[in-house]
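# Working through the structure, step by step
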Amino acid sequence: STARLHLDPAFTVGPVRRRTFGAFVEHLGRCVYEGIYEPEHPSADADGFRTDVLELTKELGVSSVRYPGGNFVSGYRWEDGIGPREERPVRLDLAWHSSDPNHVGVDEYMAWCEKAGVEPMMAVNLGTRGVQEALDLLEYCNVPGGTYWSDLRRKNGREEPYRITMWCLGNEMDGPWQIGHKTAEEYARLATETARAMRMIDPTIELIVCGSSASDMETFGAWEATVLNEAYEQVDMISAHAYYWEKDGDLASFMASAVNMDHFIDSVTAAADWVRAVKKTDKRIMISFDEWNVWYMDRAESVPPKGDDWPVAPVLLEDHYNVADAVVVGNLLISLLRHTDRVASASLAQLVNVIAPIMTEKSGRAYKQTTFHPFALTSQFARGDVLQVGIDSPTMTTARFGEVPTIDAVATRDPDTGETSVFVVNRALEGETTISIDTRALTEWADTELTGVSASTYAHSDHTWQATADDDATVAVQTNESATREGHTVTVTVPAISW
Ligand code: AHR
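In this text the structure is predicted, and so the values were computed from the model without any measurement.

So, on to the domain arrangement of the chain. Interface size is commonly expressed as the accessible area that is lost once the parts come together. Here the chain is described as being made up of domain 1 (17-381) and domain 2 (387-494). Taking only C-alpha atoms, the centre of domain 1 and the centre of domain 2 are 30 Å apart. On the domain 2 side, the residues contacting the 32 residues of domain 1 number 27 residues. Looking at which element gives the most residues to the side of domain 1 that touches domain 2, the answer is helix α9 (residues 323-338), with nine residues. Residues that form the side of domain 1 that touches domain 2 fall into these classes: 17 nonpolar, ten polar and five charged.

As a structural note, the neighbourhood of the ligand is formed by Glu26, Leu28, Gly69, Gly70, Asn71, Asn171, Glu172, Ser213, Glu291, Ala349 and Gln350. Taken together, the residues of the shell around the ligand sort by class into two nonpolar, six polar and three charged.

The next point concerns helix α10 (residues 372-381). When we look at burial in α10, the residues that qualify are Phe372, His373, Pro374, Phe375, Ala376 and Thr378. In this fold, the buried residues of α10 make contact with α1 (51-60), α9, β12 (343-348), β13 (358-360), β14 (366-368) and β20 (420-426).

What follows covers the sheet that holds strand β25 (residues 489-494). If you trace the five strands from one edge of the open sheet to the other, you get β16-β1-β21-β25-β24, paired in mixed fashion. Strands with a single pairing partner mark the edges of an open sheet, and in this sheet they are β16 (390-392) and β24 (484-486). For this sheet, the mean inter-axis angle between neighbouring strands, taken without regard to orientation, is 20 degrees.

Pairing is parallel in the closed barrel, where eight strands are placed in the order β3-β4-β7-β8-β9-β10-β11-β12. Between one strand axis and the next, the sheet turns by 30 degrees as a mean value, whatever way the strands run. In this structure, strand β4 (residues 64-67) lies alongside strand β7 (residues 119-124), joined through four bridges in parallel fashion. Residue pairing for β7: serine 64 is matched across the bridge by glutamate 119.

We now examine the nonpolar core. Nonpolar side chains tend to gather and get buried jointly when the protein is soluble and globular. Within the largest apolar cluster, 143 residues are counted, with the highest numbers of intra-cluster contacts made by Trp167, Leu169, Ala191, Val209, Leu351, Ile358 and Ala409. Top element by residues in this core is α9. It accounts for eleven residues. Inspection of this core shows a minimum of three residues originating in each of domain 1 (17-381) and domain 2 (387-494). Those residues within four positions of valine 209 in sequence are excluded, and the remaining contacts are Leu169, Ala191, Val227, Ala231, Val235 and Ile238.

The rules behind the values
- Residues numbered from 1 in each chain as written.
- Predicted model: local features only at pLDDT ≥ 70, side-chain atom pairs only at ≥ 80, totals over all residues.
- Domains from an automatic or database assignment.
- Contact = placed C-beta atoms within 7 Å.
- Helix = DSSP H or I, 4+ residues; strand = E, 2+ residues; numbered from the N terminus.
- Nonpolar A, V, L, I, M, F, W, Y, C, P; charged D, E, K, R; others polar.
- Near = placed C-beta within 6 Å.
- Buried ≥ 20, exposed ≤ 12 C-beta atoms within 10 Å, placed from the backbone.
- Pairing = 2+ DSSP bridges.
- Axes fitted to C-alpha atoms, helices over the stretch in contact; angles between N-to-C directions.
- Core = buried A, V, L, I, M, F, W, Y, C linked by C-beta atoms within 7 Å.

Next comes the structure, spelled out in structure tokens:
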């Protein structure tokens, strides 16, 4: 089959935002312990951080990292994680039925962020706690000194304030599984008053209020409207969370998961703008898509321990991704990028071991999952402005979304260099597609010729191939030799289920 893409720099959606390439580190399973932190590991640095994981984090091109949860944060006492390690308490983590020795806390996380070169995104507990504890944490992190919490930070070894900008007001408070779950009205009041008080300490912070945990939540849409109606003036972003997996062997619907993400973003935008209209204000609320990924929720690895078993860092949510999963991840990034006018921040959930692009063996290797590749390359090549791409594509039938285009794409263009990247997925289950990309408007705009065309493809004849600690390189991103240029048209042939 064939498809056509049309590029035009006049159709700029907005800037490529580095924060689109965020990730997430939660106290969950082996994400923190044996993930970013393993003092006994041969690669560990003086602070106990695995340098192999730090290196892979940099290669992944991660911009920001959300912490410490997730469901975990809704029962977390942040003070447990500061001061001398040997004095820190071991606590029950009710969210994941685990024990947490608190060997990693705020100061370790911030030290790790600095080593990884990523921006922190801190979540406060609005499940079991409230305004005061959020204020204490903010004081500990952002106030220079001369007060109880800021001086404690200095005593703990950090002289300068961290000045963390992004703060999440709780996590998934719409979810009945959340510790301290609230109705929209209850949460709206608490989040608004927490935000208002936090801004009294530091008016420069950016605040993210909880939106919906999924687009199929019963309260979806109404939750956003109720919460924003109350919190509109106090917050900057509203969160969105979405996970996708191949349910009941329905590969076609799974490949089209980005259709749901598009719908999700458009719906939250509509709810936010409805509140804006009612309030007659100019301010726009942006979206923080701060949990998104493929997650096989129905697998045994996703079920926490039970009874008296409260292990430290158990194997939990350790999905092993295949090539099709990677194509879906690439497509979800395309969706996030094309909404760059409203999605101001995003976090792939999560970074290490827990539904993650990076895996580690205890005392052993760190390796890349299939999903690592589209993320790393999109982060590397998305530069400048995001361009809306005109797409003429064949369609496929899906049980979940009806008829959907097989080809999906977004482009970015760096106005300084003229370098243009086109990110494309072929969601078709069979057959290859030859794509013609019409670049006339690009070259006319810049009054130049098209030069230096190249293409890379991630695909495999067996889309169920998975990376392991012993082999994470057999299926790699390959140069696509079919890419050619004739005049203003670039042509490239892409296989089924490919990024
Ligand atoms: O990322 C895993 C979990 O998914 C998070 O803890 C929670 O916020 C979401 O339900």
